[in-house]
Amino acid sequence: MTVAIDRTTPDERVPSPPARLSLTPTSPVPGLLDGAWWPRSRDLLRELPALTDVLDARWGRITRISVNPAHWPVIPHKVPATGHTVKVGWFTDEQDPHKVILLSYTTGRWDLLVIPPETSAAAAARLMSAAATVGALLTASSLMASETATHALAPSSPRTPRRGRE
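This one's a predicted model, so the numbers in the text were calculated from it and none came from an experiment.

Caption draft 1: Spotlight on the nonpolar core. Membership of the largest hydrophobic core comes to 21 residues, with the highest contact counts inside it found for Trp37, Leu102 and Leu112. Every element with two or more residues in this core is listed here: α1 (44–59), β4 (64–67), β6 (78–81), β7 (84–90), β8 (99–104) and β9 (108–114). Listed in part, the twelve residues of the second largest apolar core include Met128, Ala131, Ala140 and Leu143.

Written out as structure tokens, the structure reads:
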């Protein structure tokens, strides 16, 4: 896969709709994910400012973000956020393709499941709930695979054999 990296940062931010986000409640029990994010598109330059606006207030200023380029056609080097710029990096083999890693110099690291923009609202709600479960030990890819398997086995699926008289 070829990754396009845009090293320019526009001077003006394009207004974004609010981030669709579900975060794990504060708990002493750690899990593998800190919640889920359901972007509206695969445009990081458009989607990340809304995400950082929400998380800056909750977790402290987000300074770096890391993604796997498998699902992002263009990865900007920097993204403007309210009052600062966020650096964006990417890893192919080291990072789960369904996860975004957010870093703050002052308070730490958070891992969020990234729900593909084309996901149905019902599936996104299930995934957001599962990713925000305190102490959950499923990876982002495991959650996505589980949702895919569950959806494929649903009674309304065309793959499910019909029972009855033939």
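Caption draft 2: Representation of the pairing of β8. Counting buried residues along β8, five of its six residues qualify, which places the element largely inside the surrounding structure. As paired strands, β4 and β8 are joined by three bridges and run antiparallel to one another. Bridged to Ser66 within β8 is Ile101. Pairing of β8 with β9 involves six bridges; the strand directions are antiparallel. Counted as the bridge partner of Leu102 is Trp110 from β9. Counting the residues that bridge the hairpin from β8 to β9 gives three residues.

Caption draft 3: Just the packing of aromatic side chains, in detail. Per the counting criterion, the structure on display carries two aromatic pairs. Pairing Trp37 with Trp72 gives two aromatic rings, centres 6.0 Å apart and planes at 20°, and the pair type is stacked. Of this pair, Trp37 sits in strand β3 (residues 35–37) while Trp72 sits in the loop between β4 and β5 (74–76), placing them 35 residues apart in sequence. When its relative accessible area of 1% is taken as the criterion, Trp37 is described as buried. With a relative accessible area of 2%, Trp72 lands in the buried category. With centroids separated by 4.3 Å and ring planes inclined at 10°, the aromatic side chains of Trp59 and Trp110 adopt a geometry described as stacked. Taken as a pair, Trp59 in helix α1 and Trp110 in strand β9 lie far apart in primary sequence, 51 residues in all. Across this residue pair, the class does not change: Trp59 and Trp110 are buried. Taking NZ or CZ as reference, Arg20 lies 3.6 Å from the ring centre of Trp38, over its face.

Procedures and definitions
Residues numbered from 1 in each chain as written. Predicted model: local features only at pLDDT ≥ 70, side-chain atom pairs only at ≥ 80, totals over all residues. Heavy atoms only, no water. Core = buried A, V, L, I, M, F, W, Y, C linked by side-chain atoms within 4.5 Å. Buried < 20%, exposed > 50% of the residue type's maximum accessible area, 1.4 Å probe, protein only. Helix = DSSP H or I, 4+ residues; strand = E, 2+ residues; numbered from the N terminus. Pairing = 2+ DSSP bridges. Phe/Tyr/Trp six-rings, centres within 6.5 Å; stacked < 30°, edge-to-face > 60°. Lys NZ or Arg CZ within 6 Å of the ring centre and 35° of its normal.

The quantities given are spatial measurements derived from coordinates; they are silent on function.
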